[in-house]
Amino acid sequence: MVTLLSCGPGLWRAQYATAGATSVFSYGGAEIQILINPVNLPENMLPGTQLSRVYDKDVAGKADAYRFLNKTKDFIIDPSSGVITSSKIFNYEMDPIRFLFIVDTGGPMRRVLTINIIDAPEPPDCTADPQFSSGTATLEIGEDFPLFQSIYRVIATDEDFANGDRLVYTIETQLSGPKSGANSFGVDPVSGVVSLKGEDPLDFDAGYHGFQLALRATDTTGLFCQGTLIIKIRNLNDEKPQFESFPLDSINVTENMPIGEIIARVKATDRDVDSTITYSFKTQQEMFGLDPFTGIITLLQPLYLDNPNNSKTYSLEIEATDNGNNTGTYMFTVFVENVDDPISCDSSFSTGISASVSVPENVPASAPIYMILSRDPDLGQEVEHFQLVIAVRSREKLSLESCVGIITINIQNVNDESPVLTYMPDAPINIYENLPVGTKLVKLTATDRDVGDSVHFEFIGAQKEFSINEDSGEVITAYPLDYEDAATPKSWILYFRAYDNERIHSTTGTLTVTLQDVNDNLPQCSQDIYTIELPENTPPETLLVLLSCTDNDGTAPNNNITYHLIVDTFSNKTFILTNNELKIGFMHLDFDNAIFAGMHFKYTLFVRVSDEGSPVLSTIITIIVRLSRINELNPTGTASAFTFSVFENSPADTLVGKITFADADWPFNNIKYAIVGGNLGKPPKFYIEPDTGMIKLLGSLDREAESQYKIVVRISDFDNDAIPDPLRQRSATAQVTINVQNINDDPPVCNPPHLETRIYSIVKVPFIYLNCSDRDSPQEHLSYSIVGGNTNNQFILQRLGAGPPSLAIRQNFPYDVFQGVQNPMTFQLLIEVTDELGGNKASQLSATSTVIIHVFPWTTTQPTSSTKIATTTITTSILRKISYYWSPDNWFPAVLTLTGALFVMCLYAVAWCLFKDTPACSRLFPHCHKYQQSQPSLTPKDLGQIPILTVTLKTLASSIVVPFAEIYGYFPIAINVSHFSNTSFYQSDLRKQPPLRFSIVMPLTSKILIDLRNAAFFGSSCET
């Protein structure tokens, strides 16, 4: 029978044993039913989980009906109910992932139960730092800690790393205190390093004394672990004192301020906690004193301005220093104000006595009519003479340096005055075009000093554009004005007259009006929208479009046109606009961008064409730039050379390694992998999946024959260009080195396996050397021991260094041992050689070597009798050791399978001869008349005469593994597979339970021909 144990990633184990002629898979009797087969058991399920149930109606209800033929501690089958349960918690990453069991119920039928361990997502583990996971991880940094320097690293593990799982680190919450709202820290999503990111600075003085970060590590399935990091901020004396400034940085004092009076108090604040500030003058001051602790400034000397040595202004610069030697300065100005004594005037003027004057109305202007005497007590000033001049003026506040008196003047009216213009613009009046009709330009005013007389206004000459109100003097527009109209003047000189009621007296004047241009015309462009298509490798500064726009306004700056490019953040620096020329900027065009793909691979630009008038008028031009992709980048990988390792006993399809390349051309990473050279072995030992880059094992390895393979992989992109790929396809190559790791599969070999020598009994030096070696192990890993024939431990093994040992005598042989000095003695020693010294004993291999030693006594006496030396017969002693596994030679399973197949075929032939005419057995033993002749080979002539199945394979790989048969039948059939490249045939027996799968390696475009001439076994008809 064949007992299947288990299979793990890269490991299959099997035991073979023979028990007479009994086969594991026998047919007959009731069928064994398994409720669930195969069983998919998720990892981490608790022991005792019910997986499936076995039922056989022939043994139902018996106490000891069900069992596994192969022993296991991981699963239990209930002998009475057939319920199968697990007995431990499985780990997908550590335990085998597939188990095969032979279910036996005591009858001839057997069934195979398959149990697959399924990987289940497992949450990451953050307990590497217990303080972090418990929320007590605390560290302290200064508030001047540099940006982007590592503060803490989150350490999380995930058992799913071996299956390609990856962790992403994030900050879920970031709390600051006692002031909240700061967002100062960040975490690298790949490495988990926490650092300052610079968004909000660390400022202890602003209230950020500590932070509490909730950090999370999340895998690709959304599972996560989380911990808390507390960061305390250490306060530093890093703030300068800041002064509270005076209004206008100045203070005013009077010249008569007494000495010792407080002039002002300066105040500075320091954001650092518990900071003490002292004050001092930057330069020595004689006029002022400063309290170093309070900042109070006092007067030390008089400020009288009558003293020529005193100044009217003093500049003071004060320095504030904290206890951390941080300083701040403040400069302000002290203005000294003069204080004057009042003027003393003539008493008759100031009291109004005898200060009455009579003058005619037509007295000449500036004629003296009264004299006032005064004196100024201020030193250095002379007595001034004042003359009162009668003039028409408004009453205002009198100066402090004046005398106040009352003079009464009586004036008699005379009708001799002409109108006087009180308001007439001296400068030209500038008006804008497009003013509404009736807009007021100016109001002329005039007075007539004659009592009871009024003033009227009129234009001298006809005016179409303007009119004047006769009574009010308002000048308004009377006609629409357009600066761009050639018939409209650009300026006017208006003559007007102001006259009294009876037109006796009049006054004339001029008014200049200038027409100003108004920005009332939008820029006009020859085209409002442009559509441009160009390849992405268009060089910088290439001209895309030349804009042509004009403005109909008449004057500058209203008709001066400027162009402004409006771009989004993505298009910034990609395009430049110089005057009216739109060019590609210094940043080259990039079609290969995910953001650009979301923009449908086009840039939408806007150019605002504006004049320089007020208000600014603009026109928007839309420019759409569409890019076509160009295959301009070679595939790039994480490295140009890769090194992988694989055990030499790994089965076919084992993952050796994966090379990862990326292509930055859009669509991203659209690449294929292919092996194009190198040492693949004969036949090839490896193949690569073209889509994933995973290198897998194709055939068996032997490290002793070849320990290293070097292959060349070509990585080619495709569909990355608007032009068909073969014209611009790009590729890269990677050097892959595959090291074959050793597995102890060769036992030691001694050459020769049998040794024989003769020695004298007094020999004390080593007399024979062993020559043993092992293909898997160096000489120092071989151990030697005498396991048989060493009577009285007379011989020992001596070993110097790492070389093979030698045999030596432990002690001299006494003469009486030989029952006479003439009789020799023969020893037959069995020496065991074991590899893997100090390694795993379960994987150790050993061999034995037989050494025959003839020992002769050393004597000078002639023997008294002649005795013939007995002839020694070399025999081999067998060292028995119990092994857990038995691995036969490769030919043994094939011979065993072929023998079983021939035996079954013979049984079928006998049964066919006996039951072929029985109607009840016609389904199993039909009469066949076609294709009954034996055809040992398939020739091209026979292809048209038999039904065949032809499969054509097309692939980019140099070879491919083709599973060409998986046929469910009740009896063995022969399958002939023929290549067009050669005429080799493959034959195999297939059974239904379990179905067998075969794989062969075929060249490109090979055709598989399956001869189904024995397909009559599947039904009652021979037609195929």
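Predicted model, so just to flag it, every value in this text is computed and none were measured.

J.: Help me understand the overall build of the protein chain in this model?
T.: For the protein chain, the count of helices and strands is 5 helices and 72 strands. Counting only residues that meet the buried cut, the protein chain has 36% of its 1024 residues in that class. Once local pairs closer than 6 in sequence are excluded, the contacts in the protein chain between residues at least 24 apart make up 66%. In the form shown here, the protein chain has an accessible surface area of approximately 59400 Å², with 53% of it arising from carbon and sulfur atoms.

J.: Sorry if this is basic, but what is going on with the packing of aromatic side chains here?
T.: Two numbers describe a pair of aromatic rings. These are the distance of the centres and the angle of the planes. Scanning all chains against the criterion turns up 31 aromatic pairs. An aromatic cluster of at least three residues, connected via ring pairs, comprises Phe570, Phe575, Phe591, Phe596, Phe601, Tyr603, Trp666 and Phe668. Taking NZ or CZ as reference, Arg216 lies 3.8 Å from the ring centre of Phe224, over its face. Stacked on the ring of Tyr479, the Lys or Arg Lys464 has its end atom at 4.7 Å from the ring centre.

J.: What should I look at first to understand the state of the cysteines in this one?
T.: If you walk through the whole model with that rule in mind, you get 3 disulfides. With a sulfur-sulfur separation of 1.8 Å, Cys126 is cross-linked through a disulfide to Cys225. Residues Cys126 and Cys225 are joined by a disulfide whose S-S torsion is about 60°; by sign, that bridge is right-handed. Of this pair, Cys126 sits in the loop between β10 (110–118) and α1 (130–134) while Cys225 sits in strand β17 (residues 224–234), and the two are 99 residues apart along the sequence. Here the two residues Cys126 and Cys225 agree in accessibility, since each one is buried.

J.: Whenever I open this one, the pairing of strand β26 (residues 327–337) confuses me. Can you help?
T.: For a regular strand, the rule is simple: side chains alternate between the two faces of the sheet. Burial along β26 is one-sided: the residues Gly328, Tyr330, Phe332, Val334 and Val336 are buried and none of Thr327, Thr329, Met331, Thr333, Phe335 and Glu337 is. With 5 bridges joining them, strand β19 (residues 250–254) and β26 adopt parallel strand pairing. Following the sheet pairing, Thr254 is matched in β26 by Glu337. When strand β25 (residues 313–321) meets β26, the two strands line up antiparallel, connected through 9 bridges. Across the sheet, the residue bridging to Ala320 is Gly328, located in β26.

J.: In this structure, what is going on with the sheet that holds strand β56 (residues 694–697)? I would like to understand it.
T.: For sheets, the rule is that strands pair by backbone hydrogen bonds, running either parallel or antiparallel. Overall, antiparallel pairing links the 3 strands, which are arranged β52-β56-β55 in an open sheet. Each having just a single partner strand, β52 (655–658) and β55 (686–688) make up the two edges of the open sheet. Direction aside, neighbouring strands of the sheet carry axes that sit 20° apart on average. For β52 and β56, the ladder comprises 3 bridges, and the chain directions are antiparallel. The partner of Leu655 across the bridge, within β56, is Lys696.

J.: Quick question: what am I supposed to make of the environment of Arg503 here?
T.: Counting through the fold element by element, Arg503 comes out in the loop between β39 (491–499) and β40 (506–516). Remark: the alpha-carbon pair of Arg503 and His456, spanning 47 residues in sequence, is separated by 9.1 Å. At 3.3 Å, the side chain of Arg503 and the side chain of Glu458 are in polar contact.

J.: What should I look at first to understand unusual backbone geometry in this one?
T.: Generally, phi is negative for residues other than glycine and the peptide bonds are trans, each holding for most cases. With an omega dihedral of -5°, the bond running from Trp666 to Pro667 counts as a cis peptide bond. Within the fold, Pro667 resides in the loop between β53 (661–662) and β54 (671–678). With omega at -5°, the peptide bond leading from Lys682 into Pro683 counts as cis. Inspection of the secondary structure puts Pro683 in the loop between β54 and β55. Backbone geometry places His600, a non-glycine residue, at a positive phi of 60°. Looking at the element boundaries, His600 is found in the loop between α3 (594–598) and β48 (602–611). Positive phi outside glycine occurs at Phe601, with the angle close to 55°. Secondary-structure assignment places Phe601 in the loop between α3 and β48. You can call Phe601 buried: its relative accessible area is 19%.

J.: Is there a simple way to explain the pairing of strand β8 (residues 83–86) in this structure?
T.: Burial along β8 is two-sided: Val83 and Thr85 and Ile84 and Ser86, pointing in opposite directions, are all buried. Summarising the sheet, strand β5 (residues 50–55) and β8 pair through 3 bridges and their orientation is antiparallel. Looking at the pairing, Gln50 lines up with Thr85 of β8. Pairing between strand β7 (residues 75–77) and β8: 3 bridges, direction antiparallel.

J.: In this structure, what is going on with the sheet that holds strand β61 (residues 768–769)? I would like to understand it.
T.: With respect to topology, 3 strands assemble into an open sheet ordered β61-β65-β64, the strand pairing being antiparallel. Both edges of this open sheet fall to β61 and β64 (795–798), since each of them pairs with a single strand only.

J.: Hey, could you run me through the pattern of salt bridges in this one?
T.: Charged atoms that come close allow side chains of opposite charge to pair. Using the criterion set out here, one finds 13 salt bridges in the structure. A salt bridge links Glu458 to Arg503; its shortest N-O distance comes to 3.3 Å. Of this pair, Glu458 sits in strand β36 (residues 456–459) while Arg503 sits in the loop between β39 and β40, and the two are 45 residues apart along the sequence. In the salt-bridge network here, residues are joined through shared partners; they are Arg67, Asp104 and Arg110.

J.: Sorry if this is basic, but what is going on with helix α5 (residues 891–915) here?
T.: Structurally, the α-helix is built with 3.6 residues per turn, so residues lying three or four positions apart point the same way. In a regular helix each residue adds 1.5 Å, so 25 residues correspond to 36 Å; α5 covers 36 Å between its end C-alpha atoms and thus fits that length. Of the residues making up α5, those classed as buried are Ala901, Tyr908 and Ala911.

J.: How do you make sense of the environment of Leu627 when you look at a structure like this?
T.: Position of Leu627 among the secondary structure elements: in strand β49 (residues 618–628). When its relative accessible area of 8% is taken as the criterion, Leu627 is described as buried. Between the alpha carbons of Leu627 and Phe591 there is a distance of 6.5 Å; along the sequence they are 36 residues apart. Excluding residues within four positions of it along the chain, Leu627 makes contact with Leu534, Pro535, Glu536, Leu589, Asp590, Phe591, Phe596, Phe601 and Tyr603.

J.: What exactly am I supposed to notice about the side chain of Asp835 here?
T.: Tracing the chain through its elements places Asp835 in the loop between β66 (825–834) and β67 (846–856). One polar contact links the side chain of Asp835 to the main-chain amide nitrogen of Leu845, over a distance of 2.8 Å. Apart from residues lying up to four places away in sequence, Asp835 is in contact with Asn744, Asp746, Pro748, Asp774, Ser777, His781, Leu782, Gln844 and Leu845.

J.: Can you help me understand the environment of Leu435 in this one?
T.: Among the secondary structure elements, Leu435 is positioned in the loop between β33 (429–432) and β34 (440–443). Here Leu435 falls in the partly exposed class, since its relative accessible area comes to 23%. With 83 residues separating them in the primary sequence, Leu435 and Val518 have C-alpha atoms 9.9 Å apart.

J.: How should the confidence of the model for the protein chain be read in this particular structure?
T.: Taken as a whole, the protein chain shows an average pLDDT of 77; of its residues, 76% reach a score of 70 or greater. The secondary structure element of the protein chain with the lowest average pLDDT is strand β2 (residues 11–16), at 31, and the one with the highest is β8, at 93. Of the regions scoring below 50 in pLDDT, residues 389–400 engages in 5 contacts with residues more than four places distant in sequence or in other chains. In this model residues 929–1024 is a low-confidence stretch, pLDDT under 50, and it forms 160 contacts with partners more than four residues away in sequence or in other chains.

J.: What is the right way to look at a nonpolar patch on the surface in this model?
T.: A cluster of nonpolar side chains, Ile460, Ile493 and Tyr495, forms an exposed patch at the surface whose accessible area comes to about 290 Å². Positionally, Tyr495 belongs in strand β39.

What counts and what doesn't
Residues numbered from 1 in each chain as written. Predicted model: local features only at pLDDT ≥ 70, side-chain atom pairs only at ≥ 80, totals over all residues. Heavy atoms only, no water. Helix = DSSP H or I, 4+ residues; strand = E, 2+ residues; numbered from the N terminus. Buried < 20%, exposed > 50% of the residue type's maximum accessible area, 1.4 Å probe, protein only. Contact = heavy atoms within 4.5 Å. Areas by Shrake-Rupley, 256 points an atom, 1.4 Å probe, with all protein chains shown as cover. Phe/Tyr/Trp six-rings, centres within 6.5 Å; stacked < 30°, edge-to-face > 60°. Lys NZ or Arg CZ within 6 Å of the ring centre and 35° of its normal. Disulfide = S-S within 2.5 Å. Pairing = 2+ DSSP bridges. Axes fitted to C-alpha atoms, helices over the stretch in contact; angles between N-to-C directions. Polar contact = N/O pair within 3.5 Å; in protein donor to acceptor, adjacent residues only side chain to side chain. Salt bridge = Lys/Arg side-chain N within 4 Å of Asp/Glu carboxyl O. Expected span 1.5 Å × (residues − 1). pLDDT = per-residue confidence, 0-100. Patch = residues over 30% accessible without salt bridge, like charges linked within 9 Å, V, L, I, M, F, W, Y side chains within 5 Å.

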